[in-house]
Amino acid sequence: MEKKRVTIVGAGVSGLAACKHLLERGCTPVVFEADTLLGGVWARTPDCTSLQSERTMYQYSDFPWPDSVTEVFPNHRQVIDYLHSYARHFGVIDCVRFGHRVVGMEYAGVAEEELAAWEEWAGCGEAFGDGVGEWRLTVSDAEGHVQTHVADFVVLCIGRFSGVPNIPTFPTGKGPEAFDGQVLHTMDYSKMGTKKANEMLKGKRVTVVGYLKSALDVAAECAQVNGTEHPCTMVVRTKHWLIPDYYAWGFPISNLYLNRFSEFLIHKPGEGFLLSLLATILTPLRWLFSKFAESYYSIPMKKHDMVPEHSLFEALVTCLIAITPKDHYKRLDEGSIILKKSKTFSFCKEGVLVEGESSPIKSDVVIFGTGFKGDQKIKDMFVSQYFQNIAVGPTSSTLPLYRECIHPKIPQLVVLGYSESLANLYTAEIRAKWLAHFLDGGFRLPSVKAMQSDILEWEKFMKRYSRGYFRRSCIGVLHIWYNDLLCKDMGCNPRRKNGIFAELFEVYGPSDYINLRPK
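None of the values given here were measured: they were computed from a predicted structure.

### Concerning the sheet that holds strand β1 (residues 6-9)
- Read across the open sheet, the five strands follow the order β3-β2-β1-β7-β20; overall the sheet is parallel. This sheet does not close on itself; its edge strands, each paired only once, are β3 (96-98) and β20 (413-415). Averaged over all neighbouring strand pairs, the angle between strand axes comes to 20 degrees, with direction disregarded.
- Sheet strands in contact with helix α1 (residues 13-24) are β1, β2 (30-33) and β7 (153-156), and its direction is about 160 degrees off that of β1.

This is the structure we're talking about:
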């Protein structure tokens, strides 16, 4: 594999892990990073941003956090320092070309009609195909110089929470053009840096649209800067489970959702009759687990009429859950943050109009905390109309990725980091080990038909439990089941605990995969 040309696009948590494990296999990949900093989404975040996973769950298995970091949820600066240390320690940083953006990719050497008819991935089920096809990447540097880079294999690690903001659409005359003030997305806000962002917020009437992580962080900074004199208004279209930590009534809810026993309560892709029967029998227990945790977390939410309509279990299934910024509910009580619940909103000259109120929320600045279009970001990477049409599938389906990584019809390419888990970094590492083993000839992929069938099984699971959020491709409550599949592909024992009781009831995390060595 050392002579193969492998290119990684993106130097976030997935890109760093992929590079590290390829280096261990004797391959020296080229990593293109559009930003001048590594860390992906962590490179540019508000100061108050912290981890959403506990520190012990968010780490590479072979690179523990330094002893100096003791916080349960380290802040963004600590995360960036950790990622930098990892990249330096394993020589990854030497592979990264900063300020180089991949603006397009084309597959050459095989006609599209031919590859569309392949019954085996890349023609033979192996990572580099038969050696005829190759990827040609158009790369633009910081000075605007464009070059063509050729690769035998491409690893897309472009993430889903950056790059292409999700901007709501409005009827003519009801959008930002009708507003006299400033409108921006949290992506633009984060790029400003703390000092400039605080200067923009100071003394302004700020409205934030959204009620998940990025919106909450911006509102927290606004409240910190302006206090109750100029409170920040949040337009909440969907109520979400915002929790202070992962303990309900003093009990760690990870013991309810992140062990093998908890996965017996869920219908799983390809589970077979007996496991399916067991999941059906144990469904009431899953409901009890959720109600137990909700009874605790909903206490401060009830005061502000913010208890979500969906269960905590559904929030975990879709990875739509957030750790609250420090003093969030205190700020609601004091009035430095004001909530306005409304399914729809529009703009007028003075600010934002919401349902049930005749007068607008008078605003100087409106900030969209409305997320990103991660699927569009993948689609836009391809020049070919054929690949654009098939890359992300229709909106009625999940992204068609086998093992949440490989498109059955796109050869010599893998997507790492689109599918979510409740601790993305350690999931990224296991996928990177799987990828490196595959590229090193460790296993072949199933037929295109078999991969498509497996994708449909996972889609069925996600649609069953995720309602309208199946496109998020979250594997949070089935991360052990998912990791087991990767382990089996690599010829590793998926059982990582000592003893039956530990295997069933102890929480699975990065430390369980420290000695994972593909055969």
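### Let's talk about the side chain of lysine 20
- Relative to the helices and strands, lysine 20 is located in helix α1.
- A polar contact is formed between the side chain of lysine 20 and the side chain of aspartate 62, at a distance of 2.4 Å.
- Residue contacts for lysine 20: discarding those within four places in its chain leaves Asp62, Tyr86, Phe90 and Val92.

### Re the nonpolar core
- Counting 124 residues, the largest nonpolar core has Tyr60, Leu83, Phe153, Val155, Met234, Ile367 and Leu439 as the members making the most contacts within it.
- Looking at this core element by element, the count peaks at nine residues for helix α15 (residues 424-439).
- With 28 residues, the next largest nonpolar core counts Val102, Leu115, Leu137 and Val139 among its residues.

### What to know about the sheet that holds strand β17 (residues 351-354)
- Strands sit in the order β16-β17-β18 across an open sheet of three strands; the sheet is antiparallel. One side of each edge strand has no neighbouring strand; the edge strands of this open sheet are β16 (345-347) and β18 (361-362).
- One ladder, built from three bridges, connects β16 with β17; its direction is antiparallel. Bridging across to β17, phenylalanine 345 finds its partner in valine 354.

Reading the values: the criteria
- Residues numbered from 1 in each chain as written.
- Predicted model: local features only at pLDDT ≥ 70, side-chain atom pairs only at ≥ 80, totals over all residues.
- Heavy atoms only, no water.
- Pairing = 2+ DSSP bridges.
- Helix = DSSP H or I, 4+ residues; strand = E, 2+ residues; numbered from the N terminus.
- Axes fitted to C-alpha atoms, helices over the stretch in contact; angles between N-to-C directions.
- Contact = heavy atoms within 4.5 Å.
- Polar contact = N/O pair within 3.5 Å; in protein donor to acceptor, adjacent residues only side chain to side chain.
- Core = buried A, V, L, I, M, F, W, Y, C linked by side-chain atoms within 4.5 Å.
- Buried < 20%, exposed > 50% of the residue type's maximum accessible area, 1.4 Å probe, protein only.

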